[in-house]
Amino acid sequence: DLITNYGYTNVELIETSAEKIPFDNETIDLIVSNLGINNFDKPGVVFKECSRVLKPNGKLAITSNLNGHWKEFYQLFYATLEQIGKQHLISLLKKDEEHRGSIETVSKLFTNNGFKVIRHFEESFEMKFVDGTAFLNHHFVKLGWVTTWIGLFPKEELQEIFSVLEQNLNDFSTKNN
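Residues numbered from 1 in each chain as written. Predicted model: local features only at pLDDT ≥ 70, side-chain atom pairs only at ≥ 80, totals over all residues. Heavy atoms only, no water.

A. Seen up close, the pairing of strand β1 (residues 28-34). The pairing of β1 with strand β2 (residues 54-63) spans six bridges and is classified as parallel. Note that in β2 the partner of serine 33 across the bridge is isoleucine 62. This β-α-β element, β1 to helix α2 (residues 43-53) to β2, shows right-handed connectivity. (Pairing = 2+ DSSP bridges. Helix = DSSP H or I, 4+ residues; strand = E, 2+ residues; numbered from the N terminus. Right-handed = clockwise from strand over helix to strand, strands pointing away.)

B. The arrangement of the nonpolar core in detail. Within the largest apolar cluster, 23 residues are counted, with the highest numbers of intra-cluster contacts made by Phe77, Trp149 and Phe153. Contributions of two or more residues to this core are made by α3 (71-83), α4 (90-98), α6 (132-137), α7 (139-152) and α8 (158-176). Setting aside residues up to four positions removed in sequence, tryptophan 149 forms contacts with Trp70, Phe73, Tyr74, Phe77, Leu93, Asp96, Phe135, Leu136, Val141 and Phe162. Grouped together as the second largest cluster of nonpolar side chains are 13 residues, Ile21, Ile37, Val46 and Phe115 included. (Core = buried A, V, L, I, M, F, W, Y, C linked by side-chain atoms within 4.5 Å. Buried < 20%, exposed > 50% of the residue type's maximum accessible area, 1.4 Å probe, protein only. Contact = heavy atoms within 4.5 Å.)

C. View of the packing of aromatic side chains. In total, this model carries 20 aromatic pairs according to the counting rule given. A centroid spacing of 6.4 Å and a plane angle of 50 degrees characterise the contact between tryptophan 70 and tryptophan 149, whose relative ring orientation is tilted. Residue tryptophan 70 is found in the loop between β2 and α3, and its partner tryptophan 149 is found in helix α7; the two are separated by 79 residues along the sequence. On the accessibility criterion, tryptophan 149 (0% relative accessible area) is buried. The interplanar angle of 80 degrees and the centroid separation of 5.9 Å between the aromatic rings of phenylalanine 110 and phenylalanine 115 together place this pair among those described as edge-to-face. For the residue pair phenylalanine 110 and phenylalanine 115, the accessibility class agrees, reading buried in each case. Aromatic ring contacts, followed pair by pair, group Trp70, Phe73, Tyr74, Phe77, Tyr78, Phe129, Phe135, Phe140, Trp145, Trp149, Phe153 and Phe162 into a single cluster. (Phe/Tyr/Trp six-rings, centres within 6.5 Å; stacked < 30°, edge-to-face > 60°.)

Rendered as structure tokens:
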């Protein structure tokens, strides 16, 4: 495991829900969440729990994909659903896409739960793939998104949706490379 590979001796892994952190009040100096907040079912509860366990002057640092990331991809995904006559599923995909907040809504999560936003940074980067097949099969995309997308749609419609989506992504890649 990672701890053993790096030779750490003062680290303990604790797997738990962020909605109920198993530490006493005001015992933690720093909480870091990398791409987590937009995946919590109850982010307000998580922020309150973080506030509870942080020491006075403790810090909460997060990263998040904001609404609007992968804009071209989602446009193509919506077009795919329309193309195969699955317009009734667009609202499910839209809801999933929009559950990511904006800078304003994420900042409100902080301020509504007793935190002060000291600063925020906006950065972007591009992930490039040779084609749609590579994109849909990339371990990071599978881990972070594909499983969620699969859960949005009826099981009996998945094969058609993802086959056409993959072809549309491949066609897009061919036209734009």
